[in-house]
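The chain contents come next:
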Amino acid sequence: MALTRRAFLATSAAAASVLGMTGCGSGSGGADAVKFLVDNNPQGVASAEALVKAFNAAQPDGPTFSVDSRPGGTEGDNLVKTRLGTQDMPDVFLYNSGSLFQAIRPAQFLTDLSEEPWVDSIVESFLPGVTTDGKIYGVPIGAAAGGGIMYHKPTYERLGLEVPLTWDDFIKNCEAIKAEGEAAPVIQSYGETSTSQIIMLADFHNVAAATPDFAEKYTAHEVGFADDPVALRGFEKTEQIVVDGLVNEDYVSTTYQQAVEYLATGHGAHYPCLSGSLAEIVATYPDQVEDVGYFAVPGDDAATNGLTVWLPSGLYVPTYAENPEAAKAFLAFAVSAEGLDALNSLAPPTGPSMVKGIPLPEDVPTAVQDLQVYFDEEGRTTPALEFSSPIKGPNLENILIELGTGAIDAKTAAERYDQDVEKQAQQLGLEGW
């Protein structure tokens, strides 16, 4: 699955030149190898190892890189902060972009990459997620992900349904599916609590379409979810699908893996999820991959229909890196055609590239092509709020579980979340809080 090399031959040549000046390596993964730290997600580790293998092979006379791993989740977040603070971070590490990136004090601990020539190859929409005070500190690894609704195409074809452009049309589709009785209209998987957030978070494109400066006002404490009618809609939609009886009967205990199975096998017609979930279908239900399509969470106005986007994680270099030039060369390779080819060698990408001039491979699933349509039209994509604001409350998934199980209503859930983010904003020392 070779990707076009286009303008990236020059980037690779620059990387080779840098490595030629930075001394000898230690073979493959020896004690003196330059470390690349990633979280311990198996797919992520495998992709990192493929990238490292390709880089080392391309630069046999340069320093050798090897992969190290850390826990994920909250434990991993704390470990990253600790290792940065104690100057114990490897020369290259992978971590979130967006609000979690802002929380690791990039201006203090990370190397400014703003003047590196290969930064110009990065798609502009990614850069705010790794920028603070006008300086760029990271490059993307992997593809962007859409936040929206994966749907079962055979069910749509059987009932003559069309991809909805408004929420009302989506509900009408769900009611038609419910009336037929063959599939649950909407799959929810509260057995995996983080999945409860998708509808609310993926509704942000609709919020930004109505109020383009919502992120700035939200960060400045000038607006909240409970007092903005459009922002409140994400909570109302999460509530409505349960109140209207449109979810699978076992939604409270359903796991993520079960939800993917329900969708792939047609036992459910819609699953709100990030497009990265497609990788699970590719791996587990390869014969059903083309039975799945993808569309954005619809708003109330078809004219502003568009997709909320989750930016990929970033690669960063700490300020005290022992091999800073080698680390920068590794980042340059990661955003080259060769680097992306290595990352995509294990499985097709599940979203568009964040590097300019790199088209999707021809053999990507149809659902990924569905996503690309939004990126191809100006104004139809918006980064999720957490990539435009440093504020994301830690208890959102629990609040939405309460909402989705009927313990509270949408307005109460939004009010609780506004209170949740207030605590975090104060901890970050933001003005106006």
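This one's a predicted model, so the numbers in the text were calculated from it and none came from an experiment.

Considering the nonpolar core
Next up, step 1: With 132 residues, the main nonpolar core has Phe36, Phe93, Phe225, Phe235 and Phe330 as its most contacted residues.
Next up, step 2: Sorting elements by how many residues they give to this core places helix H14 (residues 324-334) first, with 7 residues.
Next up, step 3: Here Phe330 is in contact with Phe36, Leu51, Val52, Phe55, Phe65, Val92 and Leu315, once residues within four sequence places are set aside.

Comments concerning the pattern of salt bridges
Side chains carrying opposite charge are able to pair once their charged atoms draw close together.
Next up, step 1: Scanning the entire structure with this criterion turns up 11 salt bridges.
Next up, step 2: Across the pair Arg416 and Glu402 runs a salt bridge, and its minimum N-O distance is 3.0 Å. Highlighted residues: Arg416 in helix H18 (residues 410-428) and Glu402 in helix H17 (residues 396-404), separated in sequence by 14 residues.
Next up, step 3: When salt bridges that share partners are traced, they join Glu116, Glu325 and Lys328 into one network.

Here we look at helix H12 (residues 256-264)
What sets the pattern is the α-helix's 3.6 residues per turn: residues three or four places apart point alike.
Next up, step 1: Within H12, the full set of buried residues consists of Tyr256, Ala259, Val260, Tyr262, Leu263 and Ala264.
Next up, step 2: Buried residues in H12 make contact with strand S7 (145-152), strand S8 (270-274), helix H13 (278-284) and strand S9 (292-296).

Let's talk about the packing of aromatic side chains
Next up, step 1: As enumerated under the stated definition, the model contains 19 aromatic pairs in all.
Next up, step 2: Between Phe101 and Tyr316, the ring centres sit 5.6 Å apart and the planes meet at 15°, which makes this aromatic pair stacked. Placement of the pair is Phe101 in helix H4 (residues 99-102) and Tyr316 in strand S11 (residues 314-316), with a sequence separation of 215 residues.
Next up, step 3: When its relative accessible area of 0% is taken as the criterion, Phe101 is described as buried.
Next up, step 4: Among the residues examined, Tyr316 registers a relative accessible area of 0% and is labelled buried.
Next up, step 5: With 5.8 Å between their ring centres and 65° between their planes, Phe214 and Phe225 make a pair best called edge-to-face. With Phe214 in helix H10 (residues 214-219) and Phe225 in the loop between H10 and helix H11 (229-243), this pair connects stretches of sequence that are 11 residues apart. We note that Phe214, like Phe225, is buried.
Next up, step 6: Taken together through their ring pairs, the aromatic side chains of Phe204, Phe214, Tyr218, Phe225, Phe235 and Tyr417 make up a single cluster.

What about H17?
Next up, step 1: When H17 is considered as a whole, its buried residues turn out to be Leu396, Ile399, Leu400, Ile401, Leu403 and Gly404.
Next up, step 2: For H17, the elements touching its buried residues are helix H8 (198-202), H11 and H18.
Next up, step 3: Just past H17, the residue Gly406 takes up positive phi, approximately 85°.

Here's the deal with the side chain of Ser66
Next up, step 1: Mapped onto the secondary structure, Ser66 falls in strand S2 (residues 65-70).
Next up, step 2: At 3.3 Å, the side chain of Ser66 and the side chain of Lys35 are in polar contact.

With respect to the confidence of the model for the protein chain
Next up, step 1: Averaged over all residues, the pLDDT of the protein chain equals 90, while 93% of them reach at least 70.
Next up, step 2: Between residues 1-29, whose pLDDT stays under 50, and residues either more than four places distant or in other chains, the model counts 66 contacts.

A word on the packing of H11 against H17
Next up, step 1: At their nearest, the axes of H11 and H17 sit 9 Å apart, and the two run at 40° to each other. Overall, the two elements H11 and H17 adopt an arrangement that is oblique. Taken as a pair, H11 and H17 cross one another with a handedness that is right-handed. Within the contact between the two elements, H11 uses Phe235, Thr238, Glu239 and Val242 and H17 uses Leu396, Leu400, Leu403 and Gly404.

What to know about the sheet that holds strand S6 (residues 139-140)
Strand pairing in a sheet relies on backbone hydrogen bonds. The paired strands run either parallel or antiparallel.
Next up, step 1: In spatial order, the strands read S2-S1-S3-S11-S6; together these 5 strands make up an open sheet with mixed pairing. Whereas interior strands pair on both sides, the edge strands pair on one side only; in this sheet they are S2 and S6.
Next up, step 2: In this structure, strand S3 (residues 92-95) lies alongside S11, joined through 3 bridges in antiparallel fashion. Bridging across to S11, Phe93 finds its partner in Tyr316.
Next up, step 3: Along the sheet, helix H2 (residues 42-58) makes contact with strand S1 (34-39) and S2, crossing S2 at roughly 165°.

Each value, and the rule that gives it
Residues numbered from 1 in each chain as written. Predicted model: local features only at pLDDT ≥ 70, side-chain atom pairs only at ≥ 80, totals over all residues. Heavy atoms only, no water. Core = buried A, V, L, I, M, F, W, Y, C linked by side-chain atoms within 4.5 Å. Buried < 20%, exposed > 50% of the residue type's maximum accessible area, 1.4 Å probe, protein only. Helix = DSSP H or I, 4+ residues; strand = E, 2+ residues; numbered from the N terminus. Contact = heavy atoms within 4.5 Å. Salt bridge = Lys/Arg side-chain N within 4 Å of Asp/Glu carboxyl O. Phe/Tyr/Trp six-rings, centres within 6.5 Å; stacked < 30°, edge-to-face > 60°. Polar contact = N/O pair within 3.5 Å; in protein donor to acceptor, adjacent residues only side chain to side chain. pLDDT = per-residue confidence, 0-100. Axes fitted to C-alpha atoms, helices over the stretch in contact; angles between N-to-C directions. Parallel < 35°, antiparallel > 145°, perpendicular 65-115°, else oblique. Left-handed = near helix turned anticlockwise from the far one by under 90°. Pairing = 2+ DSSP bridges.

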